[in-house]
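Summary of structural features
Listed below are the residues making up each chain.
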There are 2 protein chains.
Amino acid sequence: MSSKKAEKKDLGITVKKSEDIAEWYSQVVLKSELADYAPVKGCMILRPNGYFIWEKIQEYFNKVLEEKGVRNAYFPMFIPESFFVKEAKHAQGFNPEVAWIERKDENEMRLAIRPTSETIIYDSYSRWIRSWRDLPLKMNQWCNIVRWETNAVKLLLRSREFLWHEGHCAYESEEECKKETLMFLDEYAKLCEDLLAIPVVKGEKTERERFAGAVNTYTIEALMPDGKALQLGTTHYLGQNFSKAFDISFLGKDGEQHYVYQNSFGFSTRLIGATVLMHSDDKGLVLPPKVAPIQVRIVPIYRENNKEEILGSVEKIKQMLQSKLRVDVDLSDNTPGWKFNQAELLGIPIRIELGQKDLDKNVVTVVRRDTLEKTTYEMNDSLLDNILNLMDDIHKNLYNRVKQHIEKHTIRSSDLVNAIEKINEGNWVLIPFCGNPVCEDNLREKTDGVTTRVIPFDQPKDKTEKCAVCGEKSKYWVIISRAY
Amino acid sequence: MSSKKAEKKDLGITVKKSEDIAEWYSQVVLKSELADYAPVKGCMILRPNGYFIWEKIQEYFNKVLEEKGVRNAYFPMFIPESFFVKEAKHAQGFNPEVAWIERKDENEMRLAIRPTSETIIYDSYSRWIRSWRDLPLKMNQWCNIVRWETNAVKLLLRSREFLWHEGHCAYESEEECKKETLMFLDEYAKLCEDLLAIPVVKGEKTERERFAGAVNTYTIEALMPDGKALQLGTTHYLGQNFSKAFDISFLGKDGEQHYVYQNSFGFSTRLIGATVLMHSDDKGLVLPPKVAPIQVRIVPIYRENNKEEILGSVEKIKQMLQSKLRVDVDLSDNTPGWKFNQAELLGIPIRIELGQKDLDKNVVTVVRRDTLEKTTYEMNDSLLDNILNLMDDIHKNLYNRVKQHIEKHTIRSSDLVNAIEKINEGNWVLIPFCGNPVCEDNLREKTDGVTTRVIPFDQPKDKTEKCAVCGEKSKYWVIISRAY
């Protein structure tokens with residue numbers, strides 16, 4: 001039996017976000033117990049504090065899916081090798097990252113663990129879809145995904161196994177399919193803004209960055225505090241690429257057979273990582289109130305002689321608040337100072353302190369996590385509303401802080417040298433671009449990893465002229481940066 | 001493009017439950033679109049109708065978990081081979097069914113896909129648990145599991161990949177741990193009864209049938225209509241077997257290091273299969289109302305001249321009912337007869353028909369799926385309550401039908417030859433048993449697959465004497481039968 005274990009854990013973040021963001025991030029994630037490294041390299045553990053955020057994201061998005069007529073299902077994790085080769089670009093795109101299992105199927109076929117499920121799902125669609133009456137067919141699954149990345153694991157941002165959702169819809173018409181592909185992108189943006197307080201840039205990926213097998217890939221991208229971009233979700237207009245490969249055809253109202261039009265779309269647990277990276281500070285985690293496992297923590301401050309009275313009032317406050325909020329009381333034997341630090345480390349949006357001085361004035365002391373501002377509220381029926389308003393205010397403040405950061409750090413430049421300078425200073429940069437994949441490869445090589453992130457729907461009014469990379473005619477403004 | 005597809009699907013079940021239950025079951029599952037065979041042998045697809053039932057089970061049990069202080073998390077699917085060997089019996093029990101991946105970890109260690117997660121979770125527990133303050137530690141995960149069975153796949157009952165939940169708790173004391181192991185079993189039984197209308201027998205598994213690595217395994221078993229048993233969930237008291245193997249120790253209040261006591265418990269998507277098998281009939285699926293994707297289907301019966309009036313009334317009824325129920329209206333161009341058959345095939349608990357005759361009398365015709373009885377209700381404000389009451393009644397009726405079936409088919413016998421006869425006639429049989437694993441192997445061999453299912457907590461009052469198998473001193477009454 002090991003007795004080596006220390007009784008107290010190291011509390012607090014030991015580096016500053018502005019000085020070493022990678023180390024800071026990893027400390028915040030580990031010490032707030034959102035996630036942990038797994039014994040298997042490249043994998044991670046989603047601890048209850050982190051998984052809770054995922055559940056809130058699921059809850060939010062399941063409502064969207066239901067509204068839009070998308071039903072949840074579950075498809076097998078194992079995909080026969082023969083399926084991969086059916087859509088040539090898709091196979092080429094995913095093959096290097098696939099994990100195969102040692103066992104084979106009854107035809108001695110190799111089996112992959114899904115890196116995405118288009119092929120296995122569309123095989124079923126080809127059996128299920130017979131006529132226009134079966135359309136649109138809209139399904140989603142929440143599942144684990146394996147992509148054997150060689151890059152180092154970044155907790156919640158990059159790992160060989162992760163959780164995600166993937167939606168797969170089939171339609172009669174091109175128009176309806178395209179419209180919904182963009183509609184789901186809008187819903188992604190709303191989720192980020194309404195739930196996670198992260199404003200995003202909506203747009204399209206370049207040909208080079210497109211999903212393997214898609215006609216168009218749309219993306220929501222966020223600018224992280226260090227100037228790197230993070231892709232938060234993508235929707236893909238697949239056209240008839242997969243329906244032709246998998247023979248998904250239907251008898252139309254016109255009595256003829258047609259191939260369906262399809263889209264697919266997904267986001268992952270990376271959303272949790274983005275939330276941490278975006279809002280947190282040198283004291284630890286900062287969480288948007290809607291996804292915080294504990295929204296309000298009450299810290300009673302008492303001695304033996306007033307313990308009963310203080311705890312009595314604390315209990316009353318808790319009762320009042322928990323009708324609409326996730327509340328707990330820190331009754332541990334730690335000092336108040338230690339409790340304050342821990343509540344801050346864990347990212348609890350609101351802390352309520354109640355000591356004798358508060359009680360004498362019939363108030364509570366309230367500390368908001370985002371700004372660490374202290375205020376007092378009357379201890380009466382208005383307390384619940386005041387706390388609810390404060391929650392809204394915290395969400396808005398987090399959102400606006402990031403919004404301002406993006407506005408400040410989105411630069412426009414037609415000169416590549418200047419653009420790279422700006423990127424190295426923590427910005428992402430809009431450049432005029434020709435869209436040629438070769439030109440894009442050149443960009444990446446010349447600049448030590450700068451890539452195109454998104455062609456924003458919201459294009460600058462100014463016409464583009466020459467591509468900032470190759471000097472040929474440019475097609476659009478594209479945001480370039482380094483990326484997570 | 002294939003034009004081979006038929007426009008209409010075959011509707012209706014073509015064999016009787018009493019004549020060929022295996023074929024009947026598979027038709028019900030496929031035709032009601034609960035699940036489908038996957039292109040990979042041994043795997044299955046949970047279609048939206050089936051996955052919905054799983055979501056209802058999750059919703060129910062997540063509330064239980066929250067009440068009991070168990071938090072959801074997610075651990076990696078890949079388990080290093082070195083972990084398996086730490087608890088010898090556990091390794092031995094699971095090794096034959098493990099699927100390994102071709103890729104190895106950085107130490108050239110083979111990686112398994114989880115057949116259960118004790119080892120990977122307890123490795124983390126050994127790092128996270130330091131003192132009595134960290135206990136109890138209670139976590140659960142909802143995830144996919146792979147066990148490479150060689151038996152044929154039975155949709156929703158036996159497949160190489162399936163979904164389940166697994167709870168893992170660590171405690172300071174043996175007493176608390178044992179108590180909660182039984183408490184979770186009680187919760188399993190309640191879930192089956194309250195949600196799925198399936199009465200179960202609670203008890204313990206024999207040594208031979210115990211979970212690999214457990215001190216005690218408890219089970220809820222249900223008697224299926226054909227007399228076979230189905231294990232619906234198990235909870236395991238692990239004692240200190242794993243805590244010693246994985247060094248999960250803590251500093252106690254006494255200042256000494258101790259090993260934790262642990263339990264684990266799980267149920268799977270098999271619960272859906274049990275529900276189908278138990279309640280359904282020759283017309284198709286019968287679902288307990290609480291888990292039915294559609295609870296009420298309204299079928300309007302009209303001609304051109306009264307279409308508007310009928311559909312107007314139908315819309316009003318729908319509006320009223322959907323405040324508390326999942327309701328839809330069949331507006332397809334099929335005939336009423338076809339619509340009735342389809343609603344029955346899909347297991348929709350209540351069908352409401354509205355035609356001119358009903359409208360003239362200001363009533364609706366209501367058909368309950370469990371008994372197919374027809375009745376009429378006034379079309380006024382009382383309709384919602386009447387339908388809600390009918391839902392309760394359907395649940396109770398389903399439950400009671402099974403209850404009576406179990407009572408009728410639970411036989412007691414001290415003579416093995418007689419017991420096997422009774423089993424072959426569709427019963428399960430309580431016999432006195434010695435508990436010796438060798439005797440149990442003999443039973444299985446002698447009888448073409450009859451095994452012990454459960455030592456019921458509720459033992460017959462009569463004392464047992466000689467073991468019905470070997471004639472030695474018996475220890476308890478045990479239920480034996482064939483099993484799914």
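This structure is a prediction, so every number in the text was calculated from the model and none was measured.

1. Re the interface of chain B and chain A
Each partner contributes residues to the interface: chain B has 73 residues there, and chain A has 73 residues. Here chain B and chain A share an interface that buries about 6,400 Å² over both sides, 55% of which is from carbon and sulfur atoms. Our enumeration of links across chain B and chain A arrives at 6 salt bridges. A salt bridge links aspartate 36 of chain A to arginine 127 of chain B; the nearest nitrogen and oxygen atoms lie 3.0 Å apart. At the junction of chain B with chain A, the criterion picks out 27 residue pairs in polar contact (both at pLDDT 80 or more). The element contributing the most residues to the side of chain B that touches chain A is helix H5 (residues 118-128) of chain B, with 6 residues.

2. Let's talk about the packing of aromatic side chains
A full pass over the atoms with the stated rule returns 38 aromatic pairs over all chains. Residues phenylalanine 433 of chain A and tyrosine 476 of chain A carry aromatic rings whose centres are separated by 6.5 Å and whose planes lie at 45° to one another, so their mutual orientation is tilted. Note that phenylalanine 433 of chain A is positioned in strand S21 (residues 428-433) and tyrosine 476 of chain A in strand S23 (residues 476-481), a separation of 43 residues in sequence. Look at tyrosine 476 of chain A and you get buried, because its relative accessible area is 15%. Where tyrosine 122 of chain B meets phenylalanine 242 of chain B, the ring centres are 5.5 Å apart and the plane angle is 75°; that geometry is what we call edge-to-face. Taken together, the residues span a long stretch of sequence, with tyrosine 122 of chain B in helix H5 and phenylalanine 242 of chain B in helix H7 (residues 241-245) at a distance of 120 residues. Through pairs of rings, three or more aromatic residues link up here, namely Trp54, Phe61, Trp142, Phe184, Tyr188, Phe265 and Phe267 of chain A. We note arginine 47 of chain A situated over the ring of tryptophan 128 of chain B; from NZ or CZ to the ring centre the distance is 3.8 Å. In this structure, arginine 412 of chain B is placed above the aromatic ring of tryptophan 477 of chain B, and the distance from its NZ or CZ to the ring centre is 5.5 Å.

3. Observations regarding the pattern of salt bridges
Across all of its chains, the model carries 58 salt bridges over all chains by this definition. In this structure, the salt-bridge partner of arginine 110 of chain A is glutamate 102 of chain B, at a minimum N-O distance of 2.9 Å. Taken as a pair, arginine 110 of chain A in the loop between strand S5 (99-100) and strand S6 (111-113) and glutamate 102 of chain B in the loop between strand S5 (99-100) and strand S6 (111-113) lie in two separate chains rather than in one. Of the charged contacts in the structure, one is a salt bridge between arginine 158 of chain B and glutamate 149 of chain B, with a shortest N-O distance of 2.7 Å.

4. Here we look at the domain arrangement of chain A
All names here are of chain A. Here chain A is partitioned into domain 1 (21-279), domain 2 (294-405) and domain 3 (413-481). If you average the C-alpha positions of domain 1 and of domain 2, the two centres end up 39 Å apart. The interface of domain 1 with domain 2 comprises 17 residues on the first partner and 10 residues on the second. Interface area, domain 1 with domain 2, both sides summed: about 1,100 Å², of which 68% is carbon and sulfur. Applying the counting criterion to the domain 1 and domain 2 interface returns 0 salt bridges. Linking domain 1 with domain 2 are 2 residue pairs in polar contact (both at pLDDT 80 or more), by the criterion used here. Of all the elements in the fold, those that place two or more residues in the side of domain 1 that touches domain 2 are helix H2 (48-67), helix H6 (174-194) and helix H8 (270-279). The biggest single contributor to the side of domain 1 that touches domain 2 is H2, with 3 residues. Taken together, the residues that form the side of domain 1 that touches domain 2 break down as 10 nonpolar, 3 polar and 4 charged.

5. Observations regarding the confidence of the model for chain A
Detail in the predicted coordinates should be disregarded across regions flagged by low pLDDT. On average, residues of chain A score 95 in pLDDT, and 98% of them reach the 70 mark or higher. When the criterion is pLDDT under 50, residues 4-8 of chain A qualifies, and its contacts beyond four places in sequence or with other chains add up to 13 contacts.

6. Overview of the sheet that holds S21 of chain A
All names here are of chain A. The mixed open sheet is built from 11 strands, whose spatial order is S3-S7-S8-S14-S11-S10-S9-S22-S23-S21-S20. Of all the strands in the sheet, the pair left with one neighbour each is strand S3 (71-72) and strand S20 (410-412). Relative to strand S14 (residues 261-268), strand S8 (residues 161-171) runs antiparallel, the two being bridged by 8 bridges. Counterpart to glycine 167 in the pairing with S14 is phenylalanine 265. Across the sheet, helix H12 (residues 383-409) touches strand S10 (216-223), S20 and S21, and the angle it forms with S20 is around 20°.

Each value, and the rule that gives it
- Residues numbered from 1 in each chain as written.
- Chains lettered and ligands numbered in written order.
- Predicted model: local features only at pLDDT ≥ 70, side-chain atom pairs only at ≥ 80, totals over all residues.
- Heavy atoms only, no water.
- Contact = heavy atoms within 4.5 Å.
- Buried area = accessible area lost by both parts, 1.4 Å probe.
- Salt bridge = Lys/Arg side-chain N within 4 Å of Asp/Glu carboxyl O.
- Polar contact = N/O pair within 3.5 Å; in protein donor to acceptor, adjacent residues only side chain to side chain.
- Helix = DSSP H or I, 4+ residues; strand = E, 2+ residues; numbered from the N terminus.
- Phe/Tyr/Trp six-rings, centres within 6.5 Å; stacked < 30°, edge-to-face > 60°.
- Buried < 20%, exposed > 50% of the residue type's maximum accessible area, 1.4 Å probe, protein only.
- Lys NZ or Arg CZ within 6 Å of the ring centre and 35° of its normal.
- Domains from an automatic or database assignment.
- Nonpolar A, V, L, I, M, F, W, Y, C, P; charged D, E, K, R; others polar.
- pLDDT = per-residue confidence, 0-100.
- Pairing = 2+ DSSP bridges.
- Axes fitted to C-alpha atoms, helices over the stretch in contact; angles between N-to-C directions.

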